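# Structure at a glance
As a plain string of letters, each chain reads:
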Amino acid sequence: MVQTTSSSTLLPKDVRRVYANVLKFNDHHRLTTYNITNRCNLRCEGCFFYEGDKMSSLRDDRTVDQWRDFFAREKARGIVVCDIAGGEPALNRDRLRLAAEYFEHGIIYSNGIIPIPPDIRFKIHVSLWGDEASDLDVRGAPILRKAIENYRNDPRAVVVYTFNHFNIEHVFDVAQQVHDAGIQLSFNHFSATEQYNAKLSGVVEAKRSKTFKISTPEDNLRLTPEDLIRVRDVCSELMLRYPQTVVYSETINEAVNRPEGVFTVDPQTGEAIDCWSLNAKQNDGGYRNYQTDFSVGRCCLPNTDCSECRVYVVMYGKLIFGTQQALLKDGRLLTQDERAAREALRDPEELVRWLDVVDTWLALSVVGYERQRIYFRKGHEPKSIGSVEQGKPFDEEQREIA
Ligand code: SF4
Ligand code: SF4
C-alpha cells in the first residue's frame, strides 16, 4: 500500500481528498476479464458476443475444478478485481461463486433477468437498452421491470443504459424509474461489430438472424454524429438531475461522444493502435481477456469494429491508463505529493480530469466506494454550493494552484 503524506497544500482540499481516496484503491486494483460462459438467455440486435464468431464459437466445457484451478492461478498472479462477462454470467452460478471465493472485488456484466444471489458481493452492471417497448423490439424481452424487481435498493447494482440510435429519448423515463428504485445508473454506447457493419454495407450477405432481425442500411442501431451530441447533452442533464443516482464522468462524456471516433485505427489492420485492452498483452500490465476456453482474446470485445468502439469499460481504461503513465514512479502511483503530481502532469486540470475518471470507475467497480465529484461540464454545475458530496462545482478559483 502506498504511503501518503499530508504535508502539501498545493492542490485544493477536495482534490487532495479524492486523490487520497483513489490511492487507497488504485494500486490494489489489478483487473482481468473472464468470459465465463458463451450462453445467454437473450439475442439482442447487433450483440457484441453473437454478431460475429470470435467469442461464441469457442469451447465452453471446462469443469468446476478446472475453473477453480484457473481462478487460483489468477489470484496467485496478483489479480484482485475480476471482470466477469459472457454471454450471461448469471446462467452460471457455480463459476460466479468460485470467482467470489478468489477475488476481492469484481464486476459482473448481466442483462438483469436472472437475479445474482446476494452472497456474491460484486458490482453488477445491468445492461438496459431502452424502455420496456424498445427492449422488446431490440432484445426480444422487456427487461426494465424485471431488473428493477431483482435489484431494487441493491448497492451492488448499476443499471448501464446503452444508447443506440432508437432509444436516446427513452432514457429520461428509465432514469426516473431506476432512481425511484434506489439503483445507480450509468451509460454506455452501442458499438457495432465488424460483422454487423459488413452486413449493413453489403460486404457480406445481410441474412436475417436472431441478432440481425430489424437493422437496415438506412435504419439501424449505430449512433449518428447528431445522436452523439444529443447523448452528451442528455447525460450531462441526467447527471445534474440525479446527482446521487447517476455514476458517470463528465470527462468520459466529453471524450466518448466525439463524432470523429475515439480510437486511432491502423488502416492496414483495422485495429486501434491506442487501445489499452488490445495492447495489454504487450504491456503485460497484468490485464488479460480470457475466453471460455481459457485462451486470451484479442481484446475484451474481439468482434467489435475498432473504428466505432465506444464501449464504456474500454473508455475508462483509455483515459485512466493514458494519463496514469505520467503519475507513475517505479510502477506505482505517486504519493499524495501534489507538487509531484502537478509537475508530472504540468496541467493541473488534467489531473482533475484523470481523478474524475478513476473516481467514477472505482464507484462502478467497488461495492461501497464513495465517489466525490470534482469535475463538471461548464454550464452544467449544480446550483447548490456545499461539500463535494452535495455537488460543489470545482470552479476556476479552487482549481488555481497556490
Ligand atoms: S448483448 Fe448481452 S444480453 Fe444481449 S444477447 Fe448479447 S450477451 Fe446476451
Ligand atoms: S476494445 Fe480496443 S481493440 Fe477491442 S474493439 Fe474496442 S478499440 Fe478495438
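Residues numbered from 1 in each chain as written. Chains lettered and ligands numbered in written order. Predicted model: local features only at pLDDT ≥ 70, side-chain atom pairs only at ≥ 80, totals over all residues.

## Describing the overall build of the protein
Put simply, the rule reads: Each helix is a run of H or I in the DSSP string that is no shorter than four residues. Each strand is a run of E no shorter than two, and both are numbered from the N terminus. For every residue, the other C-beta atoms within 10 Å of its own C-beta are counted; 20 or more classify it as buried, 12 or fewer as exposed, and values in between as partly exposed. C-beta atoms are placed from the backbone.
In terms of regular secondary structure, the protein is built from 14 helices and nine strands. The buried share among the 402 residues of the protein stands at 46%.

## Topic: the site of ligand 1
Inclusion rule: Being near a molecule or strand means, for a residue, that its backbone-placed C-beta atom lies within 6 Å of it. Charged residues are taken to be Asp, Glu, Lys and Arg, nonpolar residues to be Ala, Val, Leu, Ile, Met, Phe, Trp, Tyr, Cys and Pro, and polar residues to be all remaining types, Gly included.
Every residue close to ligand 1 is listed here: C40, L42, R43, C44, C47, F49, Y50, G86, G87, E88, N111 and R139. Taken together, the residues that form the shell around ligand 1 break down as six nonpolar, three polar and three charged.

## Points about the packing of helix α2 (residues 64–76) against helix α3 (residues 93–102)
Convention followed: To define axes, lines are fitted to C-alpha atoms, for helices over the stretch in contact only, and angles between the resulting N-to-C directions are given on a 0 to 180 degree scale. Note that the term roughly parallel is reserved for angles under 35 degrees, roughly antiparallel for angles over 145, roughly perpendicular for angles of 65 to 115, and oblique for everything else. We call a crossing left-handed when the near helix sits turned anticlockwise from the far one by less than a right angle, and right-handed when that turn is clockwise. Note on contacts: residues are paired as contacts if their backbone-placed C-beta atoms lie within 7 Å.
Two numbers describe how α2 lies on α3: the axes approach to 10 Å, and their chain directions differ by 25°. It follows from the interaxial angle that α2 and α3 lie roughly parallel. Crossing of α2 against α3: the hand is right-handed. Residues V64, W67, R68, F71, A72 and K75 of α2 lie in contact with α3, whose contacting residues are D94, R95, L98, A99 and Y102.

## Overview of the site of ligand 2
Residues in close proximity to ligand 2 total 13 residues, the closest being C275, L278, C299, C306 and C309. For the shell around ligand 2, a count of residues per class yields ten nonpolar, two polar and one charged.

## Structural notes on helix α4 (residues 132–139)
Two residues of an α-helix separated by three or four positions point the same way, owing to the 3.6 residues in each turn. Short version of the rule: The arc refers to the directions leading from the helix axis to the C-beta atoms.
Looking at α4, one finds that the buried residues are D135, V138 and R139. The arc that holds the buried residues of α4, viewed along the axis, is 80°, so those residues lie on one side. Where α4 is buried, its residues touch β4 (123–128) and α5 (144–151). Of the residues trailing α4, G140 is marked for its positive phi of about 85°.

## Description of the sheet that holds strand β2 (residues 81–85)
As a reminder, the rule being used: At least two DSSP bridges between two strands are needed for those strands to be called paired.
Spatial ordering of the open sheet is given by β6-β5-β4-β3-β2-β1-β7, a layout of seven strands whose pairing is parallel. The strands lining the two open edges of the sheet, one partner per strand, are β6 (184–189) and β7 (289–290). Bridge count between strand β1 (residues 31–35) and β7: two bridges; the pairing is parallel. Along β7, the bridge assignment pairs T33 with N289. Along the sheet, α5 makes contact with β4 and β5 (157–163), crossing β4 at roughly 165°.

## Quick word on the nonpolar core
Selection criterion: The term nonpolar core refers to a group of buried residues, namely Ala, Val, Leu, Ile, Met, Phe, Trp, Tyr and Cys, whose C-beta atoms join them within 7 Å.
If you look at the biggest cluster of nonpolar residues, it comprises 98 residues, and the most contacted ones within it are I84, L128, V159, Y161, M315 and L355. With ten residues, helix α13 (residues 348–365) is the largest single contributor of residues to this core.

## So, the pairing of strand β3 (residues 105–110)
How we decide: Crossover handedness is defined here as right-handed if the route from the first strand over the helix to the second strand goes clockwise, with the strands pointing away from the viewer.
Buried residues dominate β3, accounting for six of its six residues. Side chains H105, I107 and Y109 project from β3 onto one buried face, and the interleaved G106, I108 and S110 project onto a second face that is buried too. Note on the crossover from β2 through α3 to β3: the handedness is right-handed. Sheet analysis places β3 next to β4, joined by four bridges and oriented parallel. What sits directly across from I107, in β4, is K123.

## Focus on the environment of I84
You can see I84 is positioned in strand β2. Remark: the alpha-carbon pair of I84 and T32, spanning 52 residues in sequence, is separated by 8.6 Å. With sequence-adjacent residues up to four places away left out, I84 is seen in contact with Y34, I36, P89, L96, A99, G106, I107, I108 and Y109.

## Some points on unusual backbone geometry
Between G86 and G87 the backbone carries a cis peptide bond, its omega angle lying at 15°. Relative to the elements of secondary structure, G87 occurs in the loop between β2 and α3. Residue N153 is not a glycine yet carries a positive backbone phi of 55°. Along the chain, N153 falls in the loop between α5 and β5. For N153, a count of 8 C-beta atoms within 10 Å puts it in the exposed group.

## What to know about the pairing of β2
Judged by how many residues are buried, β2 sits mostly within the fold: five of five residues are covered. Of the two faces of β2, both are covered, the one formed by V81, D83 and A85 as well as the one formed by C82 and I84. Taken together, the five bridges between β1 and β2 define a ladder with parallel strand orientation. Across the sheet, residue Y34 finds its bridge partner in β2, namely I84. Handedness of the crossover joining β1 and β2 through α2: right-handed. With four bridges joining them, β2 and β3 adopt parallel strand pairing. Across the sheet, residue C82 finds its bridge partner in β3, namely G106.

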